[in-house]
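So the chains spell out like this:
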Amino acid sequence: MLTFDTARKWIDRWDRQQEGYLPGREERFRALIDAVEAGVGRPDPLVIDLGCGPGSLAARLLRRLPWATVVAVDTDPLLLSLGEAGYGQTTGLRFTSLDLRTPGWSAELGLDRPADAAVSTTALHWLPEEHLQAMYKELATVLRPGALFLNGDHLDSDQTTPTLARLERAVHDSDERRLFADGRPEDWGQWWDAALADPALAEAGAARARSAAAVEHRGSESNLLSTHVDALRDAGFEEIGTLWQRGNNRLLCAVRP
């Protein structure tokens, strides 16, 4: 049985290793939640968290907006187990195991009304472009008119603006050198090696090993800003642009018309 204390220990460790890739992680969380608070027009929004991991964004959002409802979606059994054990008692938070690459995933969300916002952070880059396009089209069907989509991730400028692309990466690299002058935290692979070796996570690790969707994570499949902008436009979203940015680390926003 995965305990609260064990789950929170591993979630805290997850947050530290994620900060190794995102010097402005907490600032980006704040910007995203600021946008939800300012943009949904109600104190009790229904929010879908896509690729929620262990619930780091969902938990922060509910601290700011305690009357919100967050449906947190991921396909990794171990990360979902950590979230459920560490944050499962949080009012308004519900974890759901879904593969965003599988058509019809939105019907399994269990929504009682169209959502006011969909959010994601450091997750959707792993979807191949064809799956990303299909996912955005399906997402649009469960959002109300005027709903927001907010995606915080490393999204690079493309070859049409090579100088911007180079400078964005330079800014990010400079931030990393300043922040980690005394050494970096463990990386993603080291975190997973340690988590899967912990006997307390053996059951969740075995479930992950049986999940083809979880172990097929291949890194950055859709890391270009233009890929996401084009896919969102094709899905019918409007007013697509960057709300917050530090180098190639940005918060992309789109509005459901």
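A quick note: this is a predicted structure, and the numbers were derived from the prediction, not measured.

(A) Structural detail: the packing of aromatic side chains. A full pass over the atoms with the stated rule returns seven aromatic pairs. Both rings, one in W14 and one in W191, keep their centres 4.9 Å apart while their planes meet at 80°; by these two values the pair is edge-to-face. Linking W14 in helix α1 (residues 4–19) with W191 in helix α7 (residues 188–197), this pair joins segments that are 177 residues apart in sequence. According to the relative accessible area criterion, W14 is buried, its value standing at 9%. Residue W191 is classed as buried on the basis of its relative accessible area of 0%.

(B) A look at the side chain of D156. With respect to the element layout, D156 can be found in the loop between β5 (143–154) and α6 (162–179). A distance of 2.5 Å separates polar atoms of two side chains, one belonging to D156 and the other to R169.

(C) Molecular detail of the environment of D74. Looking at where D74 falls in the secondary structure, it is placed in strand β2 (residues 69–74). Overall, D74 belongs to the buried group, its relative accessible area being 11%. Sequence-wise, D74 and E238 are 164 residues apart; in three dimensions their C-alpha atoms are separated by 26 Å. Residues contacting D74, with those up to four places away along its chain left out, are G51, C52, G53, L80, T96, S97 and L98. A polar side-chain atom of D74 sits 3.3 Å from the main-chain amide nitrogen of C52. A distance of 3.0 Å separates a polar atom in the side chain of D74 from the backbone nitrogen of D76.

(D) Layout of the sheet that holds strand β4 (residues 115–121). The strand order across the open sheet formed by seven strands is β3-β2-β1-β4-β5-β7-β6, and the pairing between neighbours is mixed. Edge positions in the sheet fall to β3 (93–97) and β6 (238–246), since each has one partner strand and no second. Across the sheet, the mean angle separating the axes of adjacent strands is 20° when strand polarity is ignored. In this sheet, β4 lies alongside strand β1 (residues 46–50) in parallel orientation, the contact comprising three bridges. Looking at the pairing, I48 lines up with A118 of β4. Contacting β2 and β3, helix α4 (residues 77–87) crosses the sheet at an angle of about 165° to β3. In the packing of helix α10 (residues 225–234) onto the sheet, the strands contacted are β5, β6 and β7 (249–255), and the crossing angle to β7 comes to about 10°.

(E) Local environment of the nonpolar core. Judged by nonpolar contacts, the single largest core of 43 residues is most densely connected at V36, L82, L150 and W191. No other element matches the six residues that helix α2 (residues 25–39) contributes to this core. Discounting chain neighbours no more than four positions away, the residues touching L82 are L2, A7, W10, I11, P54, Y87, W191 and L201. A147, L225, A231 and A254 belong to the second-largest nonpolar core, a separate cluster that totals 32 residues.

(F) Region of the structure containing α10. Residues of α10 that are buried include every one of L225, T227, H228, V229, A231 and L232, and no others. Two residues or fewer past α10, G236 is found with a positive phi of approximately 100°.

The rules behind each value
Residues numbered from 1 in each chain as written. Predicted model: local features only at pLDDT ≥ 70, side-chain atom pairs only at ≥ 80, totals over all residues. Heavy atoms only, no water. Phe/Tyr/Trp six-rings, centres within 6.5 Å; stacked < 30°, edge-to-face > 60°. Helix = DSSP H or I, 4+ residues; strand = E, 2+ residues; numbered from the N terminus. Buried < 20%, exposed > 50% of the residue type's maximum accessible area, 1.4 Å probe, protein only. Polar contact = N/O pair within 3.5 Å; in protein donor to acceptor, adjacent residues only side chain to side chain. Contact = heavy atoms within 4.5 Å. Pairing = 2+ DSSP bridges. Axes fitted to C-alpha atoms, helices over the stretch in contact; angles between N-to-C directions. Core = buried A, V, L, I, M, F, W, Y, C linked by side-chain atoms within 4.5 Å.

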